[in-house]
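Given next are the chains, with one letter for each unit.
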Amino acid sequence: MPDIEMNPEDASLLSWIHSNKFVTTKLFHKKFRAGNSFQTACNDLEILSENKKLLKRVTARNNADSFYFLTRRAVHQLKDLGLILTPPKIRAPHQNIFEKDHDKKVIEIRIGLEKDPNLKNLIWLSDYEVRIGYKMDWKKALLEGRGKELKNVRLNYEGARKADGHFLTSIKNKEWEFILEYERSPYSTKVVGDVVSRILKYHSSPVKLIVAITAQRSEFLREKIGNLIKDPQDRASWWFSDYSTVTSLSFLETPWVDLDEFHPAL
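Within every chain, residues take consecutive numbers counted from 1 along the sequence as written. Under the rules for a predicted model, residues below a pLDDT of 70 receive no local features and side-chain atom pairs below 80 are neither given nor counted, while totals for whole chains, interfaces and linings still include all residues. As a convention, hydrogens and water are excluded, and side-chain values are obtained from all of the structure's heavy atoms.

A. Region of interest: the overall build of the protein chain. Scanning the protein chain for helices and strands turns up eleven helices and eight strands. Its C-alpha atoms put the protein chain at 60 × 45 × 35 Å along the principal axes. Any two residues having at least one pair of non-hydrogen atoms within 4.5 Å are treated as being in contact. Of all intrachain contacts in the protein chain linking residues separated by at least 6 positions in sequence, the fraction that spans at least 24 positions is 62%. Secondary structure elements follow DSSP: runs of H or I no shorter than four residues count as helices, runs of E no shorter than two count as strands, and numbering proceeds from the N terminus.

Structure follows, in structure tokens:
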């Protein structure tokens, strides 16, 4: 079957979907069709999957939110356009749709951050992108339309988890660097220690946004992490909130609190 030509909007939204590895109907509506009906989002995904064969649709169970991820053909076309990077052997990303609740919530947080008018020029590097070998400088080049400069880049699969998200943005004309860690499930004290070690190993410099499942869990995480981080400057770089708050308020309205119970100045 011959390749169907992508229009610029297709290429843009498919690149975004691929950066997360997948999208669901609800997340697609929230990100790309928020001003339209949910049915519009369904129809547009149907065109991309059934008509253009650029997305593959998978449903975990009856009446569940459908998952969509790029076909190998779509990945090839985006690479040729200089919009994404791929490993030497191109394939559609493997999907385990039964273990995606955490990932869907991370994408929802990402969508809110990208829509926030106070966060300028936001560049997001996902956990999936890091795992397949992306670097922040490469992602920046892709978003600036300089993907052709990276034609000789070869991704090396790293596999090790680092953070759920890593992003750069400008707030009130000041440049900021953040990582996002969303609590997958209620962390034990031991798991908290493992998470802190992992974050410090790979992301010692950025501000660490720790988003808990609930407000109560946020207090637990702040207490446990506070027992591990002693340096005053380092303690000011760990900011805590919870999923409900982060997804209902803008970034500047969110009452982030650091390890010494101060609300960071932004």
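B. Examining the packing of helix α8 (residues 189-202) against helix α9 (residues 215-226) more closely. Angles here are taken between N-to-C directions and fall from 0 to 180 degrees, while the axes themselves are lines fitted to C-alpha atoms, restricted in helices to the stretch in contact. Here α8 crosses α9 at 65 degrees, and the two axes come no closer than 10 Å. Taken as axis vectors, α8 and α9 run roughly perpendicular relative to one another. Viewed along their axes, α8 and α9 form a crossing whose handedness is right-handed. Residues Thr189, Val192 and Val196 of α8 lie in contact with α9, whose contacting residues are Phe220, Leu221, Lys224 and Ile225. Angle categories are assigned with fixed cut-offs, so that under 35 degrees is roughly parallel, over 145 is roughly antiparallel, 65 to 115 is roughly perpendicular, and the rest are oblique. If you view the pair so one helix is near and one far, a crossing is left-handed when the near helix is turned anticlockwise from the far one by less than a right angle, and right-handed when it is turned clockwise.

C. Here's a closer look at the sheet that holds strand β5 (residues 165-171). Strand order in this open sheet of five strands is β4-β5-β6-β7-β8, and the pairing throughout is mixed. Strands at the two margins of the open sheet, each flanked by one partner only, are β4 (120-126) and β8 (238-242). Along the sheet, successive strands turn relative to each other by an average axial angle of 25 degrees, direction set aside. A pair of strands is labelled paired if DSSP reports no fewer than 2 bridges between them. Here five bridges tie strand β7 (residues 207-212) to β8, and the two strands are oriented parallel to one another. Its bridge partner lying in β8, alanine 212 is registered against aspartate 242.

D. The arrangement of the nonpolar core in detail. Leu14, Ile17, Leu55, Leu70 and Tyr134 are the most contacted members of the largest nonpolar core, which has 38 residues in total. The contact partners of tyrosine 134, leaving out residues within four places of it in the chain, are Ile84, Leu85, Leu125, Glu129, Lys139, Leu142 and Leu155. Counting residues in hydrophobic clusters, the runner-up holds 20 residues, among them Leu113, Leu180, Val207 and Val246. Take the buried Ala, Val, Leu, Ile, Met, Phe, Trp, Tyr and Cys residues and link them wherever side-chain atoms come within 4.5 Å; each set so joined is a nonpolar core. Each residue is assigned to one of three classes by its accessible area relative to the maximum for its type, calculated with a 1.4 Å probe on protein chains only: buried under 20%, partly exposed between the two thresholds, exposed over 50%.

E. Expanded view of the environment of proline 232. Tracing the backbone through its elements, the reader meets proline 232 in helix α10 (residues 232-235). It is 32 Å that separates the C-alpha atoms of proline 232 and glutamate 129, two residues lying 103 residues apart in sequence.

F. Structural detail: unusual backbone geometry. A positive phi angle, close to 50 degrees, is found at asparagine 121, a residue other than glycine. What makes asparagine 121 exposed here is its relative accessible area of 66%. One non-glycine residue, glutamate 261, lies in the positive phi region at around 65 degrees. Looking at the element boundaries, glutamate 261 is found in the segment after α11 (243-248). Owing to a relative accessible area of 56%, glutamate 261 belongs among the exposed residues under this scheme.

G. The sheet that holds strand β1 (residues 23-24), seen in detail. Sheet architecture is open: three strands sit in the order β1-β3-β2, paired in antiparallel fashion. Two strands in the sheet have a free side with no partner beyond their single neighbour: β1 and β2 (55-58). Relative to strand β3 (residues 67-70), β2 is paired through four bridges, and the arrangement is antiparallel. Its bridge partner being in β3, arginine 57 is matched across the sheet by tyrosine 68. Relative to β3, helix α1 (residues 8-20) is tilted by about 105 degrees, and along the sheet it contacts β1, β2 and β3.

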